[in-house]
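Next come the chains, spelled out residue by residue.
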Amino acid sequence: MSLVELDRLQLRHGLLEAVRDFSLSVADGETIALVGANGAGKTTLLRAIAGAHRPSAGTISFDGRDITRVPAHRRVRMGIALVPEGRRLFPTLTVEENLLVAATGGRSGRWTVESVIEAFPLLARLRRQRAATLSGGEQQATAIGRALVTNPRLLLLDEVSLGLAPLAVDSVYESLATVIAEGATVLLVEQDLGRATTIADRVVCMLEGRLVLQGAPGELTREQITDAYFGLQRTGDARS
Amino acid sequence: MTWVNDVVQGIMLGGFYGLLACGLALMFGLMRIINLAHGDLAVLGAYLVYLLLEHWNTSPFVAFVAVLPVMLLIGYVLQRALLERSLRSGLLVPLLTTFGLSIVIQNLLDQGFSPDDRSLGASAGSVATASWQITSQLSIPAIGALALGVAVLIFGGLQLFLSRTQAGRQMRATAQDPDTAELVGINSRAVYARATAIAVAIAAVGGVFLAIRSSFTPYSGPTYLIFAFEAVVIGGLGSSLWATLAGGIVLGIAQTIGGQINPEYPILAGHIVFLLVLASPRGGLLNLRGATT
């Protein structure tokens with residue numbers, strides 16, 4: 001059964017068409033990696049699903065319900081959480097406050113402020129520290145924790161490894177693997193193709209706002225993905 | 001010794017200005033709205049208390065308890081019906097909206113109460129006139145001490161609310177990043193409405209003190225808006241609550257000392273301090289990192 005259904009979605013930034021005619025169905029429990037060059041519309045797509053960007057055409061359904069016009073904070077209550085690009089923590093709030101502030105807006109479940117801090121041991125000693133003073137990895141852990149305390153059914157992750165040390169990326173992905181194993185549906189944007197294909201059930205390639213290639217990591221060759229990434233296939237088709 | 005007296009009087013006057021400035025700073029810190037109707041809302045609160053006292057022989061402070069829920073409601077509805085819509089169109093539209101609202105309130109008060117001078121001083125009884133003589137040159141007026149005490153309580157209470165409660169944390173988070181606040185499940189519009197309700201209620205507290213200290217007319221609002229605005233700017237534009245109270249106190253001291261130099265100077269001295277702060281490199285003398293941002 002599909003949890004998310006995107007139907008001919010069109011997203012604009014003013015005159016710029018960031019995402020065009022985009023349809024995608026995400027099954028409950030599935031992990032999808034969105035790949036594509038900068039400006040392909042990945043971030044805009046995630047923000048639209050989270051409710052931070054209003055589509056100019058098309059519909060978004062969640063759990064069988066049309067949520068295209070539902071405001072972002074109500075989508076959190078329904079079980080959609082976004083870890084935004086660049087973390088976007090509340091800088092003068094402490095780590096604990098960043099988690100607390102999100103704890104009442106979502107669903108109830110196994111994730112609480114305490115269980116998140118248990119799952120990310122590095123946060124325990126940073127509890128009372130302001131978010132602005134954290135390192136990139138610590139901020140990312142807080143941002144993921146802040147999304148988890150809402151107990152999402154659908155977790156949207158936008159470039160969680162961006163700007164992190166390799167070791168920090170490993171620990172972020174370790175904790176994600178736990179979340180995925182527990183049955184969460186995950187849609188992640190990841191620049192590192194290797195990581196994306198390891199963690200995902202399905203890879204979706206975007207080019208200039210369109211879905212150009214998708215399939216299970218095993219079915220797609222690296223060449224196919226890079227071709228779709230840079231649009232080589234498409235120009236080839238156009239010429240022939 | 002007269003200087004000591006001036007400073008003491010200035011601090012108490014500053015407490016009063018702090019009360020008027022508190023809601024203005026809260027709304028600016030949270031939504032970047034400069035509420036030009038803030039002074040008129042304070043005067044409206046004073047008129048509501050005045051109205052109650054016409055039918056009910058009690059102290060203005062007791063009457064205020066009955067007016068408080070009305071002011072909270074006015075603030076809430078004002079945000080939901082008017083400011084929320086105007087906020088969607090950028091920063092200039094709320095400014096124009098509150099400017100219009102200011103005129104509407106003034107004219108409604110004029111229609112309802114006539115342009116005559118009113119005062120709550122008489123109904124406040126001895127608190128309006130009593131003072132403690134400390135030395136021959138230093139006396140502390142009860143109403144000034146009360147205003148300062150109430151200001152400290154309100155600022156302290158608001159600070160506790162912002163740092164300890166979930167609604168307060170949501171307010172701080174929304175002030176910093178409304179977009180992300182929505183993404184973690186915070187209804188930013190509800191947060192805004194709650195904040196405006198609080199801001200308007202505190203403005204009315206200031207309005208009651210205004211009405212006890214001196215007389216007021218339907219057109220008194222803008223004069224006090226200027227003092228409140230100056231206190232907010234001197235206090236670093238709502239960057240911290242306590243800095244706003246400090247800004248009010250700096251303004252109060254400037255005015256009393258100016259008045260000591262020449263009885264015609266108090267307002268001018270306040271404006272000069274305000275302009276100096278505006279012209280200073282950081283644009284805010286007490287621009288401390290604080291609770292509301």
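So, here's what we can say about the structure.

About the thresholds
- Residues numbered from 1 in each chain as written.
- Chains lettered and ligands numbered in written order.
- Predicted model: local features only at pLDDT ≥ 70, side-chain atom pairs only at ≥ 80, totals over all residues.
- Helix = DSSP H or I, 4+ residues; strand = E, 2+ residues; numbered from the N terminus.
- Rg over C-alpha atoms; globule rule 2.2 N^0.38 Å.
- Buried ≥ 20, exposed ≤ 12 C-beta atoms within 10 Å, placed from the backbone.
- Contact = placed C-beta atoms within 7 Å.
- Pairing = 2+ DSSP bridges.
- Axes fitted to C-alpha atoms, helices over the stretch in contact; angles between N-to-C directions.
- Right-handed = clockwise from strand over helix to strand, strands pointing away.

### Side note on the overall build of chain A
- A tally of regular secondary structure across chain A gives nine helices and ten strands.
- What you see for chain A is a C-alpha radius of gyration of 18 Å, in line with the 18 Å of a compact globule of 240 residues.
- Based on the C-alpha atoms only, the size of chain A along its principal axes is roughly 60 × 40 × 35 Å.
- For chain A, the proportion of its 240 residues judged to be buried stands at 46%.
- At a minimum sequence separation of 6, the contacts of chain A that also span at least 24 residues come to 69%.

### Remarks on the sheet that holds strand β2 (residues 16-27) of chain A
All names here are of chain A.
- Pairing in this open sheet of four strands is antiparallel, and the strands run β2-β1-β4-β5 from one edge to the other. The open sheet has two edge strands with one neighbour each: β2 and β5 (65-66).
- Bridge analysis of strand β4 (residues 57-62) against β5 gives two bridges, and the strand direction is antiparallel. Within β5, the residue paired with Phe62 across the bridge is Arg65.
- The strands touched by helix α1 (residues 42-50) are β1 (2-13), β2 and β4; relative to β1, the strand with the most contacts, the crossing angle is about 120 degrees.

### Comments concerning unusual backbone geometry
All names here are of chain A.
- In this model, Arg8 sits at a positive phi of 40 degrees, which is unusual for a non-glycine residue.
- Relative to the helices and strands, Arg8 resides in strand β1.
- When the 12 C-beta atoms within 10 Å are taken as the criterion, Arg8 is described as exposed.
- Of note, the phi angle at Asn151 is positive, near 50 degrees, even though the residue is not glycine.
- By the secondary structure assignment, Asn151 is in the loop between α5 (136-148) and β7 (154-158).

### As for the sheet that holds strand β6 (residues 80-83) of chain A
All names here are of chain A.
- With mixed pairing, six strands are arranged side by side in an open sheet as β6-β7-β8-β3-β9-β10. In this open sheet, the two strands that pair with only one neighbour each are β6 and β10 (210-215). Sheet twist, expressed as the mean angle between neighbouring strand axes with direction ignored, is 20 degrees.
- Here strand β3 (residues 31-35) pairs with strand β8 (residues 185-189) via four bridges, running parallel. Directly across from Ala33, in β8, lies its bridge partner Leu188.
- Here α1 sits on the sheet in contact with β3, β6, β7, β8 and β9 (202-207), set at roughly 150 degrees to β7.
- In the packing of α5 onto the sheet, contacts are made with β6 and β7, and the angle to β6 comes to roughly 170 degrees.

### What about the environment of Glu174(A)?
- Checked against the element boundaries, Glu174(A) lands in helix α6 (residues 166-181).
- In this structure, the C-alpha to C-alpha distance between Glu174(A) and Val19(A), residues 155 residues apart in sequence, is 31 Å.

### What about the pairing of β8(A)?
All names here are of chain A.
- Among the five residues of β8, five are classified as buried, and the element is accordingly described as predominantly covered.
- Residues Thr185, Leu187 and Val189 point to one face of β8 and Val186 and Leu188 to the other, with burial holding for every one of them.
- As paired strands, β7 and β8 are joined by five bridges and run parallel to one another. Note that in β8 the partner of Leu156 across the bridge is Leu187.
- As for the winding sense of the linkage, the β-α-β connection from β7 through α6 to β8 is right-handed.

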